[in-house]
Number of protein chains: 4
Amino acid sequence: MSIVLGPNRYGKAENRIVRIYRDTPRHEIHDISVSTALHGDFADAHLAGDQLQVLPTDTQKQTAYSFAKEKGLLSIESYGLDLATHFVDHISSVAGSRVEIEEFAWERVVVDGTEHDHTWVRRGQEVRTAAISVEGTGDDQQIWVVGGLKDLILLKSTGSEFSGFMQDPYTLLQPTNDRVMATSLTAGWRFTDHTDVDWEATYAGIAAILKTQFAVVHSLALQQTLYKMGQAVLEAYPNIAEIRLSAPNKHHFLYDLSPFGVENNNEVYHAADRPYGLIQAAVLHDDATDAGPAWDSYTGLV
Amino acid sequence: MSIVLGPNRYGKAENRIVRIYRDTPRHEIHDISVSTALHGDFADAHLAGDQLQVLPTDTQKQTAYSFAKEKGLLSIESYGLDLATHFVDHISSVAGSRVEIEEFAWERVVVDGTEHDHTWVRRGQEVRTAAISVEGTGDDQQIWVVGGLKDLILLKSTGSEFSGFMQDPYTLLQPTNDRVMATSLTAGWRFTDHTDVDWEATYAGIAAILKTQFAVVHSLALQQTLYKMGQAVLEAYPNIAEIRLSAPNKHHFLYDLSPFGVENNNEVYHAADRPYGLIQAAVLHDDATDAGPAWDSYTGLV
Amino acid sequence: MSIVLGPNRYGKAENRIVRIYRDTPRHEIHDISVSTALHGDFADAHLAGDQLQVLPTDTQKQTAYSFAKEKGLLSIESYGLDLATHFVDHISSVAGSRVEIEEFAWERVVVDGTEHDHTWVRRGQEVRTAAISVEGTGDDQQIWVVGGLKDLILLKSTGSEFSGFMQDPYTLLQPTNDRVMATSLTAGWRFTDHTDVDWEATYAGIAAILKTQFAVVHSLALQQTLYKMGQAVLEAYPNIAEIRLSAPNKHHFLYDLSPFGVENNNEVYHAADRPYGLIQAAVLHDDATDAGPAWDSYTGLV
Amino acid sequence: MSIVLGPNRYGKAENRIVRIYRDTPRHEIHDISVSTALHGDFADAHLAGDQLQVLPTDTQKQTAYSFAKEKGLLSIESYGLDLATHFVDHISSVAGSRVEIEEFAWERVVVDGTEHDHTWVRRGQEVRTAAISVEGTGDDQQIWVVGGLKDLILLKSTGSEFSGFMQDPYTLLQPTNDRVMATSLTAGWRFTDHTDVDWEATYAGIAAILKTQFAVVHSLALQQTLYKMGQAVLEAYPNIAEIRLSAPNKHHFLYDLSPFGVENNNEVYHAADRPYGLIQAAVLHDDATDAGPAWDSYTGLV
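Residues numbered from 1 in each chain as written. Chains lettered and ligands numbered in written order. Predicted model: local features only at pLDDT ≥ 70, side-chain atom pairs only at ≥ 80, totals over all residues. Heavy atoms only, no water.

Got a minute to help me understand the overall build of chain A in this structure?
Looking only at helices and strands, chain A features 5 helices and 12 strands. Expressed along its principal axes, the backbone C-alpha trace of chain A runs to roughly 75 × 70 × 40 Å. Across chain A, the fraction of contacts at a sequence separation of at least 24, relative to all contacts at a separation of at least 6, is 68%. Working note: accessible area of chain A is about 10600 Å², and carbon and sulfur atoms make up 47% of it. Averaging the positions of the 23 positive and the 41 negative side-chain charges in chain A gives two centres separated by 5 Å. (Helix = DSSP H or I, 4+ residues; strand = E, 2+ residues; numbered from the N terminus. Contact = heavy atoms within 4.5 Å. Areas by Shrake-Rupley, 256 points an atom, 1.4 Å probe, with all protein chains shown as cover. Lys, Arg positive; Asp, Glu negative; His and termini not counted. Charge placed at Lys NZ, Arg CZ, Asp CG, Glu CD.)

Quick look at the structure:
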């Protein structure tokens, strides 16, 4: 019986890069957090403390900042592709790379009815995300791109039921045919392609579909709502192979005002912190290609 | 030399109340965190553990939830006034009260170009705040109302300088005539009146002025920008006696790309976390009435 | 081409249970956050909104609280095993379950040199974790137990080098033979067995080894330190098949005091927030059994 | 009626300084976050954007780092005094200063029963705090020093009652003679002197008294416990003029297991997040000198 090194990777996490386009008086801004991770021939660093094959995480950082100018930062997916392929193509010890990006949205301040050229206020809604995985070089190179969002907080004040569920001796929950349903959605969608995609239009389109489906589907369960959201995205975007959704059920409990002789017709709720339900589902084409490392996020344990 | 009880107060903090108005198919939502604090004749509780004069914090919570229906929750200032005066007027041991409220904004999901009746997405910009202080009863009653906001994150990518500053042996900073200026603004404005105010219009108006001034003032320092913001608010709203502003200078450092032969014309920045500058200022009418307890926030040490 | 439901699961996250043992005057306390997730025959809930096979997340919560008394909560691994097997064994629609637990440590307040019977102060060091996965019933049942910790913040003020690394055109980092090395360690260790383990002794032993190795290994890289930590754990505990480690390199930058004529012999550092290095590695026995779902954490996307 | 500048100040917040003493093989570590704020003759910066009197916040930062070596960082109170008096004594435009410090505690890793010389694990208990205010120069100079702590999380599993409280129509709470009482204590103590104090011994002594009193006082209310804590500190330390305490009542609700036929003799609790009670009180000598700006914390609105 012997002890061996298993899967491993390393990189620089949460580089906070702001890229301003200022070639005209009307500036543009992209505000991101980018993390890079590399894997490959790094056993000597672990086993012997030998760094000869190790590209420092500081170098990964420098590259990420420089590429924001050299390659540009117009879409996080394209910038992430530039960065992820660079490490695999130019650093001999790197077998594969993963780049994860979060983008924070800004909207222009409106002055006297006109959008300002160079002043913004942060939009607090969804954080846009991207994860690019690259394995191998040359003809063997494989690339996976996942777009996504997180922290999209949605609430509907009616149009949601939950009843007819299984009961066991620990079941106290009462069925309801009218409740508040709220969530903070995380979603990721895996592209079938990465060479001919309108990243901006696709992101806007999918985010709109997710919100619309949450609104218009009469919900019998959060599970059902998630599936409808995923289905609608896949139907609209043939270049999406698969979408994965994770949705906390942020409970809003109807507050009992009857002790005070006050009627509460689904009007006053307590918004609870913890615990919360948590529903996760994937929706995909039945002929979807293999996901490979597309969903192996660079957090927690490898 | 003897030991005595000094200032003290108690209450229930961060009640998370969601109030839905659903009298028509087009619902309205108000989503708040409300904290209540009472002071008065509570020495026996501290000195002897005698609760006879103590209205439980649980009761304060129940009242806050019930008032969301009984009194309504259309503006946080008016709801806060109802709640704060209730405790002083109806609980004999209470000499004064303070109610602090944060409101989280939602905007309607747009489906096929139309705002949805009962589905919202959380707006992530400014959190609206209110703080109501009530002292005494009957003809002696005094009331202070402070409206405000926090977490209003603003950035301008040009139109900001910093130069001509004092130098001492520890001064390394270089002057600049073009920098990114960003902040996360906290502001509070003290009303001269509380009986005849359009709370909603005032809030929207002041928030717009703050953003506009940040945009249009060519900044020579964050101090100057804050003063201009405050001045513009006071000029537009005669019923505001005073405005206080607290603004971190969220540093964006120009990233040095010259080692890579890449030019950086104020295009690529590192957004730093800590440390940050922190600028605080009050702007007021020279005949403003006494602020009393208006600014004594219910956090930290009494 | 048709659209299908992929992997899915659901449950109740972050139940905050505190269990007091008070059968003698000297109480004991266990303070946990427990999350439960189920997968199985839930397609109807997604596709048709039919809850007939769905055990509510509220029921999972009730069970978690009740089991803290019914089954006891002496070790999070044993409590988690009781809970995870319960759902698979007694709920017909459940094919597999996962229970994730965090335990927050308390230590007794010391009064006049003696540990107090029923008063504690929270220890802020490592959070202990456990993850139990159960698949199938009866003779086909498979069980995986992962113990672990997170937020173990370690720092050494010397005994750490980093040099001899790969260089490319973006490499500016200078080698160092004496630096501060700090991390916030996350670790998980997978047991080969779950029926005859002293969970408490194993946890204490592994935590001690991790700290000791961090201290005594002269570090040539964080990668090397992590491997040594993992190797030492596996050598000491034959019933651990595999250990996985994730370690941010929390950078401490030597502060340049030379402009002020002040010498800085590795004495004054700036502790940076972001970005940070992030190193992940697994160390395992070469004949380790298959990990199955042991590492599939119940966060993010399924 | 004219608009004027009111109170204002500015500085650099949250400088994250780590100071290592390494003159012998047994190193010492001090890990702090320090914020500096200045007020004085800064009207021109606000009114005209003129920085001639403004010492940059970057300079304040450089000074804070350099003083960690020049003046030393053995006690946060003495380091804070050096820094706060420096700005007032040497920068002509500064009328007063405030320095706020948080110190994060580390304990040595124990290897084979021996404390390690240069490796630490972060202690997660209380954060030690200090706030130094300096006004004026020369013979007119006044100095206030407040020591303190925050995030001291305490829990007792019995020995706490709450009954006999006031009742109104919104009172639903039931009295209890045995409950879990838990808090996360914030405390500050104001010194009568700053020239001849053993800062380290005083801190350790007061922290021990606070914990001990929480343990040994049979609590009839959190108010009573806080007063006893404060009283005991003042009795033990004649050089403390006043202590202020802020204590959330972190509710632990007994979980109802009766629907499952399970008895719960104060053994299983739900630890709630929000809302929480919040109790604040000052305890002082009746001849305490004026607090001046001692308690004006540098957060929120000026």
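There is more to say, and it comes next.
How should the UniProt feature "binding site: O2" (unreviewed entry) in chain A be read in this particular structure?
UniProt's feature table lists "binding site: O2" (unreviewed entry) at A:Thr57 and A:Asn249, given in the numbering used throughout. Across 193 residues of sequence, these annotated residues are also dispersed in space, with a maximum C-alpha separation of 37.8 Å. Note that A:Thr57 resides in helix H2 (residues 57-70). Apart from residues lying up to four places away in sequence, A:Thr57 is in contact with A:Tyr10, A:Gly11, A:Lys12, C:His251 and C:Gly277. (UniProt positions renumbered as here; feature names shortened; annotations may be inferred.)

Would you mind going over the relation of the copies chain A and chain B with me for this structure?
Once chain A has been moved 0.0 Å along the axis and rotated by 180°, it coincides with chain B to within an RMSD of 0.0 Å. Taken together, these values place the two copies in the relation of a two-fold axis. For chain A, the smallest separation between a C-alpha atom and the rotation axis is recorded for A:Gly124, amounting to 1.4 Å. When the interface residues of chain A are mapped onto chain B, 100% of them again lie at the interface, so the same face is used by both copies. (Least-squares fit on C-alpha atoms with pLDDT ≥ 70 in both.)

Quick question: what am I supposed to make of the UniProt feature "binding site: 5-hydroxyisourate" (unreviewed entry) in chain A here?
Per the UniProt record, "binding site: 5-hydroxyisourate" (unreviewed entry) is found at A:Thr57, A:Phe162, A:Arg179, A:Gln223 and A:Asn249. Reaching out from A:Thr57, the side chain makes a polar contact with the side chain of A:Lys12 at a distance of 3.0 Å. Checked against the element boundaries, A:Phe162 lands in the loop between strand E7 (142-156) and strand E8 (181-191). Contacts of A:Phe162, omitting those with residues within four sequence positions, involve A:Leu173, A:Pro175, A:Thr176, A:Arg179, A:Leu220, A:Ala221, C:Gln51, C:Val54 and C:Pro56. (Polar contact = N/O pair within 3.5 Å; in protein donor to acceptor, adjacent residues only side chain to side chain.)

I tried to follow the interface of chain A and chain B on my own but got confused; where do I start?
Buried accessible area, meaning the area lost when the parts come together, often serves as the stated size of an interface. With 57 residues of chain A at the contact, the number on the chain B side is 58 residues. Each partner contributes to the roughly 5000 Å² buried at the junction of chain A and chain B, and carbon and sulfur atoms together form 58% of this total. For the pair chain A and chain B, the number of links is 8 salt bridges. Between B:Arg123 and A:Glu107 there is a salt bridge whose closest N-O contact spans 3.6 Å. The interface formed by chain A and chain B contains 30 residue pairs in polar contact (both at pLDDT 80 or more). Tallying contributions element by element places H2(A) first for the side of chain A that touches chain B, with 7 residues. (Buried area = accessible area lost by both parts, 1.4 Å probe. Salt bridge = Lys/Arg side-chain N within 4 Å of Asp/Glu carboxyl O.)

I would appreciate a short explanation of the pairing of strand E6 (residues 127-135) of chain C in the present structure.
In regular strands, side chains alternate between the two faces of the sheet. Residues and elements named next belong to chain C. Taking burial as the measure, the 9 residues of E6 include 8 buried ones, the bulk of the element. Bridge analysis of strand E3 (residues 94-104) against E6 gives 8 bridges, and the strand direction is antiparallel. Paired with Arg98 across the bridge in E6 is Ser133. Judged from the 9 bridges that link them, E6 and strand E7 (residues 142-156) form a sheet pairing that is antiparallel. (Buried < 20%, exposed > 50% of the residue type's maximum accessible area, 1.4 Å probe, protein only. Pairing = 2+ DSSP bridges.)

How do you make sense of the pattern of salt bridges when you look at a structure like this?
Across all of its chains, the model carries 73 salt bridges over all chains by this definition. Note that C:Glu100 is salt-bridged to C:Arg98, the shortest N-O span being 2.7 Å. Residue classification places C:Arg98 among the buried residues on the basis of a relative accessible area of 7%. For the salt bridge of D:Glu126 with D:Lys211, the shortest nitrogen-to-oxygen distance reads 3.8 Å. Here D:Lys211 lies in helix H4 (residues 199-216) and D:Glu126 lies in the loop between strand E5 (114-122) and strand E6 (127-135), a separation of 85 residues in the sequence.

What is the right way to look at the interface of chain A and chain C in this model?
Listed by partner, the interface residues are 85 residues for chain A and 85 residues for chain C. Approximately 7400 Å² of surface area, both sides summed, lies buried where chain A meets chain C, with 60% of it carried by carbon and sulfur atoms. Broken down residue by residue, the surface that chain A buries against chain C is led by A:Met166, A:Tyr170 and A:Gln280, which jointly contribute 12%. Summed over the shared surface of chain A and chain C, the result is 2 salt bridges. A:Glu14 is paired through a salt bridge with C:Arg274; the nearest N and O atoms lie 3.1 Å apart.

I tried to follow the side chain of C:Asn15 on my own but got confused; where do I start?
Looking at C:Asn15, the relative accessible area reads 0%, which means it is buried. C:Asn15 has contacts with A:Pro275, C:Ile32, C:Ser33, C:Val34, C:Lys61 and C:Tyr65, leaving out every residue within four places of it along the chain.

Please explain the domain arrangement of chain A as it appears in this structure.
Residues and elements named next belong to chain A. Once the domains are mapped, chain A shows domain 1 (9-140) and domain 2 (152-302). For domain 1 versus domain 2, the separation of C-alpha centres amounts to 28 Å. Each partner contributes residues to the interface: domain 1 has 21 residues there, and domain 2 has 16 residues. In total, domain 1 and domain 2 occlude about 1500 Å² of area from one another, counting both sides; carbon and sulfur atoms represent 53% of this. Seen at the junction of domain 1 and domain 2, the total is 2 salt bridges. When contributions to the side of domain 1 that touches domain 2 are tallied by element, the ones reaching two or more residues are strand E1 (3-21), strand E2 (28-40), helix H3 (76-90), strand E3 (94-104) and strand E6 (127-135). (Domains from an automatic or database assignment.)

Please explain the packing of helix H2 (residues 57-70) of chain C against helix H3 (residues 76-90) of chain C as it appears in this structure.
When two helices pack together, their arrangement is given by the angle between the helix axes and by the axis-to-axis distance. Residues and elements named next belong to chain C. Close contact between H2 and H3 brings their axes to 10 Å; oriented N to C, the two are set at 140°. The angle between H2 and H3 falls in the class oblique. For the pair H2 and H3, the crossing hand works out as right-handed. Seen from H2, the contacting residues are Gln60, Thr63, Ala64, Phe67 and Ala68; seen from H3, they are Tyr79, Asp82, Leu83, His86 and Phe87. Of the residues contributing to the contact of H2 with H3, the split by class is 6 nonpolar, 3 polar and 1 charged. (Axes fitted to C-alpha atoms, helices over the stretch in contact; angles between N-to-C directions. Parallel < 35°, antiparallel > 145°, perpendicular 65-115°, else oblique. Left-handed = near helix turned anticlockwise from the far one by under 90°. Nonpolar A, V, L, I, M, F, W, Y, C, P; charged D, E, K, R; others polar.)

Before we go on, may I ask you to explain the packing of aromatic side chains in this structure?
All names here are of chain A. Following the criterion strictly, the structure yields 28 aromatic pairs over all chains and no others. For the pair Tyr10 and Phe42, a centre-to-centre distance of 5.0 Å together with 85° between the ring planes defines the contact as edge-to-face. Of this pair, Tyr10 sits in strand E1 while Phe42 is found in the loop between E2 and helix H1 (43-48), placing the two residues 32 residues apart along the sequence. Since its relative accessible area comes to 3%, Tyr10 is described here as buried. (Phe/Tyr/Trp six-rings, centres within 6.5 Å; stacked < 30°, edge-to-face > 60°.)

Sorry if this is basic, but what is going on with the pairing of E1(A) here?
Counted residue by residue, E1(A) has 14 buried out of 19 residues, so it is predominantly covered. In terms of strand pairing, E1(A) meets strand E12 (residues 276-285) of chain C through 9 bridges, oriented antiparallel. Among the inter-strand pairings, A:Tyr10 is bridged to a residue of E12(C), identified as C:Ile279. Bridge count for E1(A) against E2(A) is 10 bridges, and the pairing is antiparallel. Bridge assignment links A:Lys12 to a residue of E2(A), and that residue is A:Thr36. Hairpin connection from E1(A) to E2(A): 6 residues lie between these consecutive antiparallel strands. Inspection of the sheet shows E1(A) paired to strand E11 (residues 268-271) of chain B by 3 bridges, in the antiparallel sense. Paired with A:Val18 across the strands is B:Tyr269, a residue of E11(B).

Would you mind going over the environment of A:Gln224 with me for this structure?
With respect to the element layout, A:Gln224 can be found in helix H5 (residues 222-236). Residue class for A:Gln224 comes out buried when judged on its relative accessible area of 8%. Taking the C-alpha atoms as reference, A:Gln224 lies 20 Å from A:Ile240; in sequence the two are 16 residues apart. Not counting chain neighbours up to four residues away, the residues in contact with A:Gln224 comprise A:Val217, A:His218, A:Ser219, C:Ala45, C:His46 and C:Gly49.

Can you walk me through the confidence of the model for chain A in this structure?
When pLDDT is averaged along chain A, the result is 97; 99% of the residues meet or exceed 70. The ipTM for the predicted assembly is 0.95, set against a pTM of 0.97. (pLDDT = per-residue confidence, 0-100.)

Mind showing me how you'd approach the packing of helix H4 (residues 199-216) of chain C against helix H5 (residues 222-236) of chain C here?
Residues and elements named next belong to chain C. Interhelical geometry of H4 versus H5 gives an angle of 145° and a closest axis separation of 9 Å. Of the two possible hands of crossing, H4 and H5 adopt the one that is right-handed. Residues Ile206, Ile209, Leu210, Gln213 and Phe214 of H4 form the contact with H5, whose own contacting residues are Thr225, Lys228, Met229, Ala232, Val233 and Ala236. Its residues assigned to classes, the contact of H4 with H5 shows 8 nonpolar, 2 polar and 1 charged.

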